[in-house]
Amino acid sequence: MSDPKKLFIKTYGCQMNVYDSERMAEALGGKGYVQTDTADGADMILLNTCHIREKAAEKVYSDLGRLKPLKDLNPNLKIGVTGCVAQAEGQEIMRRSPLVDLVVGPQSYHRLPAMDDAIQTGAKALDTDFPEDDKFDTLKSRSKAKRGPTAFLTVQEGCDKFCAFCVVPYTRGAEVSRPADRVVREAQELVESGVREITLLGQNVNAYHGHEDGLAGLIWALNEVDGLERIRFTTSHPNDMDDALIEAHGSCSKLMPYLHLPVQSGSDKILKAMNRKHTAESYLKVIARIRDARPDILLSGDFIVGFPGETEADFEATLDLIRAVEYGQAYSFKYSTRPGTPAAEKPQLPDDVMDERLQRLQALLTEQQRDIQRSMVGREVDVLFEKKGRTEGQMIGKSQYLHATYADAPMDVLGQVRRVRITQSGTNSLGGELL
Ligand code: 5AD
Ligand code: SF4
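Residues numbered from 1 in each chain as written. Chains lettered and ligands numbered in written order. Predicted model: local features only at pLDDT ≥ 70, side-chain atom pairs only at ≥ 80, totals over all residues. Heavy atoms only, no water.

Chemist: For the layout of surface pockets, give the residues involved together with the corresponding values.
Modeler: By rolling a water-sized probe across the atoms, one finds the places where empty space is left. Counted as a void, the second largest pocket has a volume near 390 Å³. Looking at the second largest pocket, it is lined by 18 residues, and the ones nearest its centre are R53, K55, K334, Y335 and S336. When residues of the lining of the second largest pocket are traced back to their parent elements, those giving at least two are α2 (54–66), β14 (329–334) and α14 (351–374). Looking at the lining of the second largest pocket residue by residue, the classes come out as 8 nonpolar, 5 polar and 5 charged. (1 Å grid on protein atoms, 1.4 Å probe; cavity = no way out; pocket = protein on both sides within 12 Å on 5 of 7 lines; lining within 4 Å. Points joined across faces, edges and corners; volume = space filled by probe spheres on them. Helix = DSSP H or I, 4+ residues; strand = E, 2+ residues; numbered from the N terminus. Nonpolar A, V, L, I, M, F, W, Y, C, P; charged D, E, K, R; others polar.)

This is the structure:
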């Protein structure tokens, strides 16, 4: 038998790309490819890309440039671009970068094995369709190989919301949900491979409609899967936090007390210009209802500073909203113009104004995160241990609130949920004692 071919995948961007990379590796596994963790010596390199902000998209071209010496060394090396830049820029990638043999969008990667056949003959292959056939029907079951205790599982893709700044409705297409019974089957397969915690993924995951009772219905169905101990989901839109989902946060034992609920801005004028279809007040009302259902829930958000037309007063309204919510985790970005989106037509704010606002926003968010982390000291939390820590005898995992938490513990805690008393709060993690 010939040696297995080596596949190196570099993943950019969001968790859905992490999931997609796993599925691409599994699809190519059927053709004799084995994944490696270095580009050197690989037979195929895939860059699974992100288009959400300009920086992420441009990085792909500089990374491609750096692969040239590898192709010079091994003319049989195949290079592919997958993910959202592939979807958005397709042919343009082939034109700008002659090294590239293959371009495939996020909805077509089940066709990778056939595309591999084509490129092995020296041809180029490009597929950025939104095909009729569902990639998940072709990909079928997950690999049985033993894996770590946490996994992502895509249940919904695409977005129909059309926020004025966002490329997702164009790169990932219209909202599509996977049927609940197939999601449950995949969850069972993951549990058989050692998974204890599943994060359900979707660009608009709480608009999931693959179960008659929406995402809450799916979560309750997964609550019945033996051996699965924790369920999370991301990313949600405030307008799709329905009663059943809020209620599940209060009553579903496997659903973790953590919610990522992006708001983007606290100014109603900017929210309207962003086409977010909610106000600061309606967002705060949703938050209040979630906290009624689950008082200890840890909240996370996404923020954009410097959206076209944002004044100092608009920006301060965002700071006010942040003060009102108190976030335990947050992601914040300078507005980035994306070609083809409605906001790209509007006059942009100067970069130094955006920089200064981002700094102030991040200072406030960091302070809130630290305060919440510090408030954990003295409390007992449940940690799902995932790997060895940096020092001898130390193990690391995540608490129910998604805080990275370390403790001295024997190796056999790996994959187990164990009680830990928090004794210290560091910059990005908590330390504690195993109970
Ligand atoms: N500029 C800056 N940030 C953006 N996001 C999406 N599009 C843009 C853009 N054009 C951010 C939003 C979203 C997160 C995934 O990325 O905050 O919630
Ligand atoms: Fe983009 Fe808005 Fe859809 Fe989120 S809800 S993916 S920000 S368009």
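Chemist: Can you tell me about the packing of α2 against helix α4 (residues 83–96), naming the residues and giving the values?
Modeler: Relative to each other, α2 and α4 sit at 35°, their axes nearing to 12 Å. Between α2 and α4 lies a crossing whose hand is right-handed. Facing A57, E58, V60, Y61 and L64 of α2, the residues of α4 in contact are V85, E89, E92, I93 and R96. In terms of residue class, the contact of α2 with α4 is made up of 6 nonpolar, no polar and 4 charged. (Axes fitted to C-alpha atoms, helices over the stretch in contact; angles between N-to-C directions. Left-handed = near helix turned anticlockwise from the far one by under 90°. Contact = heavy atoms within 4.5 Å.)

Chemist: Describe the domain arrangement of the protein chain, listing the residues and the values that go with them.
Modeler: Entries for the protein chain in the domain assignment read domain 1 (5–127) and domain 2 (380–434). Computed from C-alpha atoms alone, the centre-to-centre distance between domain 1 and domain 2 is 36 Å. (Domains from an automatic or database assignment.)

Chemist: Talk me through the sheet that holds strand β17 (residues 404–408); I want residue IDs and the actual numbers.
Modeler: What the 5 strands build is a closed barrel, ordered β15-β16-β17-β19-β18; its pairing is mixed. Strand-to-strand twist of the sheet, defined as the mean angle between neighbouring strand axes without regard to direction, takes the value 50°. When strand β15 (residues 380–388) meets strand β18 (residues 417–425), the two strands line up antiparallel, connected through 5 bridges. Its bridge partner lying in β18, V381 is registered against V420. (Pairing = 2+ DSSP bridges.)

Chemist: I'd love a proper account of the pattern of salt bridges, names of residues and values included.
Modeler: A complete count under the given rule lists 43 salt bridges for this structure. Residue D137 pairs with R182 through a salt bridge whose shortest N-O separation is 2.4 Å. Of the two residues, D137 sits in helix α6 (residues 135–139) while R182 sits in helix α8 (residues 180–192), which places them 45 residues apart along the sequence. Judged by relative accessible area, D137 falls into the partly exposed class, the value being 36%. Through salt bridges that share partners, E22, R23, E26, R142, R147, R178 and E186 make up one connected network. (Salt bridge = Lys/Arg side-chain N within 4 Å of Asp/Glu carboxyl O. Buried < 20%, exposed > 50% of the residue type's maximum accessible area, 1.4 Å probe, protein only.)

Chemist: Go over unusual backbone geometry, please, and point to the residues and values.
Modeler: Residue T235 is reached from T234 by a cis peptide bond, and omega for that bond is 5°. Following the sequence through the fold, T235 ends up in the loop between β11 (230–234) and α10 (243–251). You will see that Q264, though not glycine, has its phi angle at about 75°, which is positive. Judged by relative accessible area, Q264 falls into the buried class, the value being 8%. Its identity as a non-glycine residue notwithstanding, L402 has a phi of 70°, on the positive side. If you trace the backbone, L402 turns up in the loop between β16 (394–399) and β17.

Chemist: Describe in detail the site of ligand 2, supporting the description with residues and values.
Modeler: Near ligand 2, the surroundings consist of C159, K161, F162, C163, F165, C166, V168, P169, N204, H237 and R276. Counted by class, the shell around ligand 2 contains 7 nonpolar, 2 polar and 2 charged residues. (Near = heavy atom within 4 Å.)

Chemist: So what's going on with the nonpolar core? Residues and values would help.
Modeler: Formed by 73 residues in total, the largest nonpolar core has its most connected members in L200, L218 and Y327. In contact with Y327, not counting residues within four places along its chain, are V263, Y283, L299, S300, G301, F303, L321, I322, L365, Q368, Q369 and I372. Ranked by size, the runner-up nonpolar core spans 23 residues in total, among them Y12, I93, L99 and V103. (Core = buried A, V, L, I, M, F, W, Y, C linked by side-chain atoms within 4.5 Å.)

Chemist: An account of the packing of aromatic side chains is needed here, citing residue identities and associated values.
Modeler: Taken as a whole, this structure holds 5 aromatic pairs when the rule is applied. When the centroid spacing of 6.5 Å and the interplanar angle of 50° are considered together, the rings of Y19 and F136 count as tilted. Within this pair, whereas Y19 is found in helix α1 (residues 15–29), its partner F136 is found in helix α6, the two being separated by 117 residues in sequence. Members of the aromatic cluster, joined through ring pairs, are F165, F307 and Y335. (Phe/Tyr/Trp six-rings, centres within 6.5 Å; stacked < 30°, edge-to-face > 60°.)

Chemist: Give me the lowdown on α4, citing residues and values where you can.
Modeler: With 14 residues, α4 extends only 17 Å from end C-alpha to end C-alpha; this falls clearly short of the ideal 20 Å at 1.5 Å per step. The largest bend in α4 is about 95°, located at E89. Taken as a whole, α4 has its buried residues at G83, C84, V85, A86, Q87, G90, I93 and M94. Its buried side turned inward, α4 meets β3 (44–49), α2, β4 (78–82), β5 (102–104), β6 (125–127) and α7 (168–171). (Expected span 1.5 Å × (residues − 1). Bend = angle between axes of the 7 residues up to and from the residue.)

Chemist: Break down the environment of V168 for me, with residues and values.
Modeler: Within the secondary structure, V168 is located in helix α7. Distance from V168 to K10, taken between C-alpha atoms, is 20 Å for residues 158 residues apart in sequence.

Chemist: Tell me about the site of ligand 1, and please be specific about residues and values.
Modeler: Near ligand 1 you find I52, R53, F165, Q264, D302, I304, F333, K334, Y335, S336 and R338, and these make up its full shell. Between F165 and ligand 1, the recorded distance is 3.0 Å, taken from a backbone N or O atom to a nitrogen atom. In the complex, the protein chains occlude 86% of the 400 Å² of accessible area that ligand 1 would expose alone. By residue class, the composition of the shell around ligand 1 is 5 nonpolar, 2 polar and 4 charged. (Polar contact = N/O pair within 3.5 Å; in protein donor to acceptor, adjacent residues only side chain to side chain. Areas by Shrake-Rupley, 256 points an atom, 1.4 Å probe, with all protein chains shown as cover.)

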